[in-house]
Every structure is written in structure tokens, then in C-alpha cells.
Amino acid sequence: MTGGDDSVNIQRVLAIIRKEFIHIFRDYRSLAMAIAMPVLLIFLFGSSLSLDVDQVPLVVWDQSNTADSRELISRFSSSRYFSLTGSVTSYGEIETVIDKREAILAIVIPRDFSRKLASVRNADVQLIVDGSDANTATIAMGYAQAVTNSFTNSLLLTAVQKQGGKTVTIPVEGKLRVWFNQNMQAKNYIVPGLIAVIMMVIASLLTSLTIAREWENGTMEQLITTPLKPIELIIGKLTPYFLIGMVDVLLAVLMGEYLFEVPLRGQGALVFAMAALFLPGALAMGILISIVTRSQLLASQLAMVLTFLPSFLLSGFMYAIANMPEPLQLLTYLIPSRYFVAILKNIYLKGADLGIILTEAAFLIAFGIVMIMIANKKLGKRLV
């Protein structure tokens, strides 16, 4: 499988492509994994994975039982972020409902609440939050703070109007405007990132079995006796799964559009163009794993470890890279899904064109070239 001529023989490559397609269509399990698994994973993750915090269960201990306390409670219950589940009469009951996860937030209004408001004094209201889920607790506290601030501002305006007898306006009022994801729906940025992560995992997992299968079936010895070159074998093995990967991208885009109703603000053609840059590197990484291990079982396990965990945790898909420790931030530059996640989020949410994502696209091209070169070198050494 070595020779002085470095040119690629198209006929030999086409023969390997045909051979690989025959194997794929004969082995229905491989075809099912290649098509059904990405669809299933996107459906499961897209349906269950959400960072939205709406309808926070709330209980109230209203010791004041006055018009002022009822007004404050009504502001919480009328907010779309809270769901009033009931009232309690002691701290013991609060502890019980929070332990049972029947409530995340409890409001305790003291007896002298209304009297202090009438005398223009600070009236304390206690908010008890279940901190066992730090993310939800933080968001719930932010919502509660916004509701209490709104209640306080209305009281101040009313008091000033009564004293002065004239209409008073707030001198500075910040008006929030959200760009790119107006409704702050988590699915709008989770689904595009999910496509990148799943395609990284599936692409590497599929090709991680190819070369190892040849060794285990004893057919690699037959290939060695032919004039086939390592690079021709790699291209031949990679091409069918590249086409299948593009089909998977199409299915993922359609699911995002019609199942999860995620708006695609950019050009659909640009999504597929970037996927075409991303897939060769991911597929070549799987082939490299297959070359090194020579075992289908070990190759599939190693491919899962090297792709899923880094892509899920270090790509910026779920956790902001800026919040990670500095060594991990540096490590993320070696994770190809980091660039594909950024590309898809820019195209989906911001409608970005090629000029905006050019740097990330260059990294994907470089990753693909490096992976193919390393796989070619390793395969050549194994076959000599």
C-alpha cells in the first residue's frame, strides 16, 4: 500500500466508497445508528434540556393579612414567573413544603408590615429560597427582587403624590430590549448547539469502527496486497459517512425548524456549508481512533469519551467558556465543536454571514486537514 506516486487514484477511491456503501446498507444496524440516533438524541435532549425557569412554585406566610400584604402577594401570583401553590402558618410548614419540592420560594410577611408602610418606615419581607439547585435559586431570587422593587416603586410614587398632590414620574427608567432571542427561550440557543455536539459524537463514533472492523474481519490483509494507498483508503472510508452526516444535518435542521420551532435567521445554505467543513475533521478523528485501537469495542468507547464529554462541557454549549478556569479556557481551543457551536448560534440567532464566522470556519478547515494528515501517517505506519 505504499508507492512512489503521491497522486490519488480516483478509481481506487471509488471502489472503497462502493465497498463501504455496500457494507452500510447490508448492516442495517450501522445505517440505523447513522440516521436514527442523531434524530433520537436531538429529540430527547431538545425536549428535556431547558434552562428556562418559569412558574416557580411559591408559598406564602401572610402574618399581616392586610390590603398591602395581599397586594404584594397578588404581584407575585400574577407574574408568569411564579405559581402560588398555597399558604402556610409556620416555619415548620415552610421547611416541609421545600423539603418535598412543593415550593422553591417562600414569602414571610410580618405582622407589622402594613403599619410600617403607613408610617413610612422600612418594612421587611423575608424570602426563603431552596438553594439545593443554585441555578434555579439564583434566577428565582432575581425574579422576586424585580417583583418587590416594582411594589416598592409603586408605594413611593403613591406616597409622593399624596404629599404633593401632583403627578410624579420616575426621572430615569431603564427599558430592557433583548436582541437575537427576544423571548429569552432556552431552546433557541440550546438546539443549534445541540446539533453541533451530537454531530461531533455521531461522526466520530461511526468512523471509529471502520478500520478496526477491517482488522477484526481479516480483510485488511487483503487490502494491504493491493496498490491502495493509505490516503485513498481514508478518503474512501470517509466519503460515505460524510454524505450520511450531511443527511443527518438536514434532519436536524428540519427538526429544529418544525418540531422545536427554533427560528433560523441566517442562510440555510451557510449552515450546510459550515457542516461540510466540520464533518471531515470529526470523521477523520474517528478513523484515527479506529487506526490506533484496531478494536471496534475499544474504538467506540474511546470515541465516546473523546467527543461527548469535551463537546458537551467545553464547547460553550452549556457553560460559558469565560466562566471556566483559565487552564480549561485554553483547552477549549482544541475542541472543534467549540467553533461549530459558535457558528451555528451566530447563524441561527444573529443571522450572521460568512464574514462574521470566518475565523471559526478557518479553525474547522485546519482541524480537518490536521486530522486527515495524522490519520494518513498513522495508517501508513501500521501497514508497512
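Let me begin by describing the structure that accompanies this report. (Residues numbered from 1 in each chain as written. Predicted model: local features only at pLDDT ≥ 70, side-chain atom pairs only at ≥ 80, totals over all residues. Heavy atoms only, no water.)

1. Considering helix α7 (residues 187-207)
Part 1 of the reasoning: For α7, which comprises 21 residues, the first-to-last C-alpha distance of 30 Å matches the rise-based estimate of 30 Å (1.5 Å per residue) to within 8%.
Part 2 of the reasoning: The buried fraction of α7 amounts to 19 of the 21 residues, a majority that puts the element mostly inside the structure. (Helix = DSSP H or I, 4+ residues; strand = E, 2+ residues; numbered from the N terminus. Expected span 1.5 Å × (residues − 1). Buried < 20%, exposed > 50% of the residue type's maximum accessible area, 1.4 Å probe, protein only.)

2. So, the side chain of D248
Part 1 of the reasoning: Assignment of secondary structure puts D248 in helix α10 (residues 230-259).
Part 2 of the reasoning: Within the buried set, D248 has no salt-bridge partner at all; the shortest N-O distance to an opposite charge, 15 Å, is to R213.
Part 3 of the reasoning: Residues contacting D248, with those up to four places away along its chain left out, are A34, I35, P38, M199 and I202. (Lys, Arg positive; Asp, Glu negative; His and termini not counted. Salt bridge = Lys/Arg side-chain N within 4 Å of Asp/Glu carboxyl O. Contact = heavy atoms within 4.5 Å.)

3. Describing the environment of L49
Part 1 of the reasoning: Here L49 lies in the loop between α2 (28-48) and β1 (56-62).
Part 2 of the reasoning: Sequence separation between L49 and A186 is 137 residues; the distance between their C-alpha atoms is 8.8 Å.
Part 3 of the reasoning: Beyond its immediate sequence surroundings of up to four residues, L49 is in contact with L44, I190, F317 and M318.

4. Considering the packing of helix α11 (residues 268-293) against helix α12 (residues 296-314)
Part 1 of the reasoning: In contact at an axis separation of 9 Å, α11 and α12 are set at 135° when each is read in the N-to-C sense. Comparing their axes, α12 and α11 come out oblique. Crossing of α11 over α12 shows right-handed handedness. Contacts between α11 and α12 pair M285, I289, S290 and T293 from the former with L298, A299, L302, A303, L306 and T307 from the latter.
Part 2 of the reasoning: Here the contact of α11 with α12 is composed, by residue class, of seven nonpolar, three polar and no charged. (Axes fitted to C-alpha atoms, helices over the stretch in contact; angles between N-to-C directions. Parallel < 35°, antiparallel > 145°, perpendicular 65-115°, else oblique. Left-handed = near helix turned anticlockwise from the far one by under 90°. Nonpolar A, V, L, I, M, F, W, Y, C, P; charged D, E, K, R; others polar.)

5. Some details on unusual backbone geometry
Part 1 of the reasoning: Of note in the backbone geometry, N65 takes a positive phi value of approximately 55° without being a glycine.
Part 2 of the reasoning: Along the chain, N65 turns up in the loop between β1 and α3 (67-78).
Part 3 of the reasoning: By relative accessible area, which is 54% here, N65 ends up exposed.
Part 4 of the reasoning: Positive phi values are uncommon outside glycine, yet R101 reaches one of about 60°.
Part 5 of the reasoning: Within the secondary structure layout, R101 lies in the loop between α4 (91-99) and β3 (105-109).
Part 6 of the reasoning: When its relative accessible area of 44% is taken as the criterion, R101 is described as partly exposed.

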